[in-house]
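Listed here are the chains, written in short residue letters.
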Amino acid sequence: MTFEKIQSHAKINLFLDVLSKRKDGYHDIYSLISKVDLYDEIEIEKSNSLEIIFEGQFSSMIKSNSIEQLFKYLFKKNYLPDFPFKIKIQKNIPVGAGLGGGSSNLASLLMHLIKNKLVNEDQCLKAARELGSDIEFFFETKPSFIIGKGLVDRSIEIISEKQILLVYPFKDLSTEAVFSNNKSFVKKSDINENAISLQLEQILDVTSNSLEDSSINLCSQIKLALDFLRNHKNCQFARMTGSGSCVFAVIDNEIEASRVIQDIHSKYPDWWTKITKLI
């Protein structure tokens, strides 16, 4: 295995229903997730020992090294005889934002190990389900419905040419804390699960994110961001992704999205913004 560069994409939850709390402490959810064209950049090469380096705007916000945990897991399970890699990650995806950056990094590295025949697909799937609930989704190439603890149910095509504006108020929000604080349990959204493709508007019009209230209780900036976007003339729709704290807005084009960014930064200059698209 030689030196390689990998793109590790972020995701947004177009909707998220929390259905119930499980006996194991996790929650059963129903969600539709899509990747967006924002990504961390991973460089990996052979080394004498495991070395993990985080760089970039959000590197200082990383509190636990899930990549080290991944390789220790693979070694413990005898999936890998050793893990002599130097891994450098440029963190372009906000941390604790509901954008799945950490899970995406792990999935990207697992797919890299499969590609180089160092582990097999079954081993990677077991690792993904053991180490996190979002990781399995990042093996997919298309948007996917997620059920239960985070299992991929099936993929779907989402039809949209809209811009997706991400707004992050620089608040690292704990997924565990949000779910623990949640009191909103809902029925599955009334959406056509059997459709091969759906318009973005069809999805957003009949769905919600039932974690919004819990997240807002822990991070008031989320409400500020949602209110700002929902009241802006250029924004057609706004919602929180995952357990927050990042929110997204649907906007017609890049020019209008840029105007929204200017207005945000005039009032909230410290907030991070990014224009993306669904992929």
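Scroll up a little and you will see the structure.
Residues numbered from 1 in each chain as written. Predicted model: local features only at pLDDT ≥ 70, side-chain atom pairs only at ≥ 80, totals over all residues. Heavy atoms only, no water.

## Some details on the sheet that holds strand β10 (residues 235–240)
What counts here: Pairing between two strands is assigned when DSSP locates at least 2 bridges connecting them. Counting from the N terminus, the helices are the DSSP runs of H or I reaching at least four residues and the strands are the DSSP runs of E reaching at least two. Every axis in this analysis is a line fitted to C-alpha atoms, fitted for helices over the stretch in contact. Angles between the N-to-C directions lie between 0 and 180 degrees. Contacts between residues were defined by any pair of non-hydrogen atoms, one from each residue, lying within 4.5 Å.
What the four strands build is an open sheet, ordered β10-β11-β8-β12; its pairing is antiparallel. Strands at the two margins of the open sheet, each flanked by one partner only, are β10 and β12 (272–276). When the angles between neighbouring strand axes are averaged without regard to direction, this sheet yields 20 degrees. In this structure, strand β8 (residues 163–168) lies alongside β12, joined through five bridges in antiparallel fashion. Considered in β12, the bridge of Val167 is made with Thr273. Against the sheet, helix α8 (residues 254–267) makes contact with β8, β10, β11 (247–251) and β12, and its axis sits at roughly 175 degrees relative to β12, the strand it touches most.

## Focus: the packing of helix α1 (residues 66–76) against helix α2 (residues 101–115)
Operational definition: An angle below 35 degrees is read as roughly parallel, one above 145 as roughly antiparallel, one from 65 to 115 as roughly perpendicular, and any other as oblique. By the definition used in this description, the sense in which the near helix is turned from the far one sets the handedness, with an anticlockwise turn below a right angle giving left-handed and a clockwise turn giving right-handed. Residue polarity is assigned by list, with Asp, Glu, Lys and Arg as charged and Ala, Val, Leu, Ile, Met, Phe, Trp, Tyr, Cys and Pro as nonpolar; anything else, Gly included, falls into the polar class.
Two elements in contact, α1 and α2, have axes whose closest approach is 10 Å; the angle formed by their N-to-C orientations is 40 degrees. Between α1 and α2, the crossing angle belongs to the class labelled oblique. Crossing geometry of α1 relative to α2 is assigned as right-handed. Packed against α1, whose contacting residues are Ser66, Ile67, Leu70, Phe71 and Leu74, the element α2 presents Asn105, Leu106, Leu109, Leu110 and Leu113 at the interface. Its residues assigned to classes, the contact of α1 with α2 shows eight nonpolar, two polar and no charged.

## Focus: the pairing of strand β5 (residues 144–148)
To keep it simple, the criterion reads: Three labels apply to residues, based on accessible area from a 1.4 Å probe with only protein chains included: buried if under 20% of the type maximum, exposed if over 50%, partly exposed otherwise in between.
Burial runs high along β5: four of the five residues are buried. Here strand β2 (residues 27–46) runs beside β5; their pairing, made up of five bridges, is antiparallel. Counterpart to Ile33 in the pairing with β5 is Ser144. The pairing of β5 with strand β6 (residues 151–155) spans four bridges and is classified as antiparallel. Paired with Ile146 across the two strands is Val152, which belongs to β6. A loop of two residues connects β5 with β6, the two strands running antiparallel in sequence, and Gly150 in this loop sits at a positive phi of about 140 degrees.

## What about the packing of aromatic side chains?
Formally: Between 30 and 60 degrees the pair is tilted, below 30 it is stacked and above 60 it is edge-to-face, where a pair is any two Phe, Tyr or Trp rings, Trp via its six-membered ring, whose centres lie within 6.5 Å. Each ring is checked for a lysine NZ or an arginine CZ that lies within 6 Å of its centre and within 35 degrees of its normal; such an atom marks a charge sitting over the ring.
Tallied over the entire structure, the rule returns twelve aromatic pairs. An angle of 70 degrees between the planes, with centres 6.3 Å apart, marks the rings of Tyr73 and Tyr79 as edge-to-face. Here Tyr73 and Tyr79 have matching classes, each one buried. An aromatic cluster of at least three residues, connected via ring pairs, comprises Phe58, Tyr168, Phe170 and Trp272. One Lys or Arg, Lys188, reaches over the ring of Tyr30 and ends 4.5 Å from the middle of that ring.

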